[in-house]
Amino acid sequence: EAWIAWRTESDYIGEGKEEVVVVIPKDATVTQIGDVLVENGVIKSTRTFQSVVGRQPGMGSKLQAGRFRLRTELPAETALAMLVEPANRVALKVTIPEGRVRTQQWEILAKELGLTEEQLTAAASDHKEMGLPEWAGGDGNLEGFLFPETYEVEEPVNASGVLKQQVEQFDKVTGAISLESRAKDIGRSPYEVLIVASIVEKEAARAEDRPRIAQVVYNRLAKNLPLQFDSTVHYAIGQFDRVTTTEGDRATDSPYNTYKVKGLPPTPISNPGQSAIESALAPSGENFLYFTTVDLDTGETRYSTDEAGHAENVKLFQQWCQSHSGRCT
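Report follows, based on the coordinates. Chains are numbered independently. Their residues run from 1 in the order of the written sequence. Residue-level local features of this predicted model are given only where pLDDT is at least 70; pairs of side-chain atoms are given and counted only at 80 or more, and the full residue set underlies all totals for whole chains, interfaces and linings. Each side-chain value is derived from all of the structure's non-hydrogen atoms; neither hydrogens nor water enter the calculation.

## What to know about the overall build of the protein
Moving on, step 1. When you go through the protein residue by residue, the secondary structure sums to 15 helices and seven strands.
Moving on, step 2. To get the radius of gyration, use the C-alpha atoms; to get the globule rule, take the number of residues to the power 0.38 and multiply by 2.2 Å. In terms of C-alpha radius of gyration, the protein reaches 27 Å, well past the compact-globule figure of 20 Å for 329 residues.
Moving on, step 3. In terms of overall dimensions, the protein has a C-alpha envelope of 95 × 45 × 30 Å along the principal axes.
Moving on, step 4. Within the protein, the fraction of its 329 residues that count as buried is 45%.
Moving on, step 5. We call two residues in contact whenever any of their non-hydrogen atoms come within 4.5 Å of each other. Taking contacts inside the protein between residues at least 6 apart in sequence as the whole, the part at least 24 apart equals 63%.
Moving on, step 6. Only the protein chains shown count as cover for residues, and the accessible areas themselves come from Shrake-Rupley with a 1.4 Å probe. Surface exposure of the protein reaches about 16,700 Å², of which carbon and sulfur atoms provide 47%. Helical segments are the DSSP runs of H or I of at least four residues, strand segments are the runs of E of at least two, and each set is numbered from the N terminus. Burial here depends on accessible area, computed with a 1.4 Å probe over protein chains only, as a share of the maximum for the residue type. Under 20% is buried, over 50% is exposed, and the range in between is partly exposed.

## Comments concerning the state of the cysteines
Working definition of a disulfide: a covalent bond connecting the sulfur atoms of two cysteines.
Moving on, step 1. The term disulfide is used for any two cysteine sulfur atoms that are within 2.5 Å. Under the counting rule described, the total for this entry stands at one disulfide.
Moving on, step 2. Disulfide pairing places Cys321 opposite Cys328 at an S-S distance of 2.1 Å. With the S-S dihedral at roughly -90°, the linkage between Cys321 and Cys328 falls on the left-handed side. Side by side, Cys321 and Cys328 carry an identical accessibility label, which is buried.

## Notes on the packing of aromatic side chains
When we look at a pair of aromatic rings, we describe it by the centre distance and by the angle of the planes.
Moving on, step 1. Think of it this way: a Phe, Tyr or Trp ring, Trp meaning its six-membered ring, pairs with another when their centres are within 6.5 Å, and the plane angle makes it stacked under 30 degrees, edge-to-face over 60, tilted otherwise. In the structure shown here, the tally under the stated rule is nine aromatic pairs.
Moving on, step 2. Note on Phe145 and Tyr191: the rings are 6.1 Å apart at their centroids and 10° apart in plane angle, and the pair reads as stacked. Of this pair, Phe145 sits in the loop between helix H7 (127–130) and strand S5 (150–152) while Tyr191 sits in helix H10 (residues 190–203); the two residues are 46 residues apart in sequence, bridging distant segments of the chain. The same class applies to Phe145 and to Tyr191, which are both buried.
Moving on, step 3. The interplanar angle of 50° and the centroid separation of 4.8 Å between the aromatic rings of Tyr235 and Tyr256 together place this pair among those described as tilted.

## Notes on the sheet that holds strand S1 (residues 19–24)
The pairing of strands in a sheet comes from backbone hydrogen bonds and takes either a parallel or an antiparallel form.
Moving on, step 1. Here a strand pair is declared whenever DSSP counts at least two bridges between the two strands. Here three strands make up an open sheet; going across it, the order is S1-S2-S3 and the pairing antiparallel. The sheet is open, and its two borders are formed by S1 and strand S3 (89–90), each paired with just one other strand.
Moving on, step 2. Where strand S2 (residues 66–71) and S3 come together, two bridges link them in antiparallel fashion. Bridging from a neighbouring strand, Arg67 pairs with Val90 of S3.
Moving on, step 3. Where helix H4 (residues 76–83) meets the sheet, its contacts fall on S1 and S2, and the angle it forms with S2 comes to roughly 140°. Lines fitted to C-alpha atoms define the axes here, with helix axes fitted over just the stretch in contact, and angles between the N-to-C directions of these axes take values from 0 to 180 degrees.

## Observations concerning the environment of Arg182
Moving on, step 1. Topologically, Arg182 is positioned in helix H9 (residues 179–185).
Moving on, step 2. Sequence spacing of Arg182 and Glu278 is 96 residues, and the spatial spacing of their C-alpha atoms is 9.6 Å.
Moving on, step 3. If near-sequence neighbours (up to four positions away) are discounted, Arg182 is found in contact with Ile177, Glu278, Leu281 and Ala282.

None of this, on its own, says anything about what the molecule does.
The following block contains the structure:
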């Protein structure tokens with residue numbers, strides 16, 4: 001009788017009430033974990049939690065940081081068992097799609113992880129900390145190296161940690177596909193290949209178009225023709241929700257305006273995924289100099305070797321645009 005009375009005074013009895021997600025901070029002591037559980041209404045007393053942990057040798061070292069799915073009003077013993085059960089761990093995840101520019105990625109990180117653009121900008125400017133590959137552009141620009149992927153993020157969330165995780169993933173993926181040595185094989189620097197991949201990522205509507213568009217880029221460079229890609233102009237003017245460009249856009253003074261400036265833009269214009277990078281390393285080998293998407297719904301893309309053929313294809317696209325009003329702005 002007396003023991004039950006004591007136990008209910010400093011412990012809950014039963015199976016718990018509502019589901020609750022509790023965040024255990026990094027390097028928290030048993031006492032601090034107990035306090036977090038009390039604050040979240042999971043257990044009644046930190047002291048009870050301490051004594052339950054103390055009665056099970058080695059248990060303290062099994063407690064980990066992270067977020068856990070628990071219930072409110074649990075006996076301390078049950079709460080402890082749930083904390084060391086991996087199935088109750090909830091990972092904080094964030095998905096970065098292919099082809100987003102750095103600032104678009106940061107909008108996602110702000111929304112999903114609560115980071116601010118200031119924090120991300122400050123972290124990105126610590127170039128040494130970011131660990132870009134030796135061959136990266138000299139100014140430490142992260143564009144192109146923030147690999148698109150679904151990441152499990154450690155808490156507490158830290159801007160520098162998240163960006164470094166992306167750069168590490170970039171290194172891992174490009175290492176696995178031998179970016180550096182294969183770039184040399186096609187007579188390009190790895191950074192040039194990355195820039196081409198970033199254009200391919202933005203310009204290719206379908207997977208099968210990637211190697212062909214990469215080839216068009218190399219063919220135009222070889223013939224000393226300006227690339228004339230709308231995607232690079234969009235990057236120059238910071239407009240990413242449009243398909244085409246206006247005459248005014250194409251008159252913009254910018255090293256990224258490939259209508260005015262010959263050669264590749266100075267940096268990547270997006271953060272490409274593995275497939276776009278592989279396409280830039282293994283272009284299709286065809287002799288096309290032009291391409292245009294002729295149907296924005298199917299992504300159908302037509303290629304040509306001369307301006308006359310290109311003009312025909314552009315006509316097809318214009319016809320599609322006329323019958324799908326508002327889609328081609």
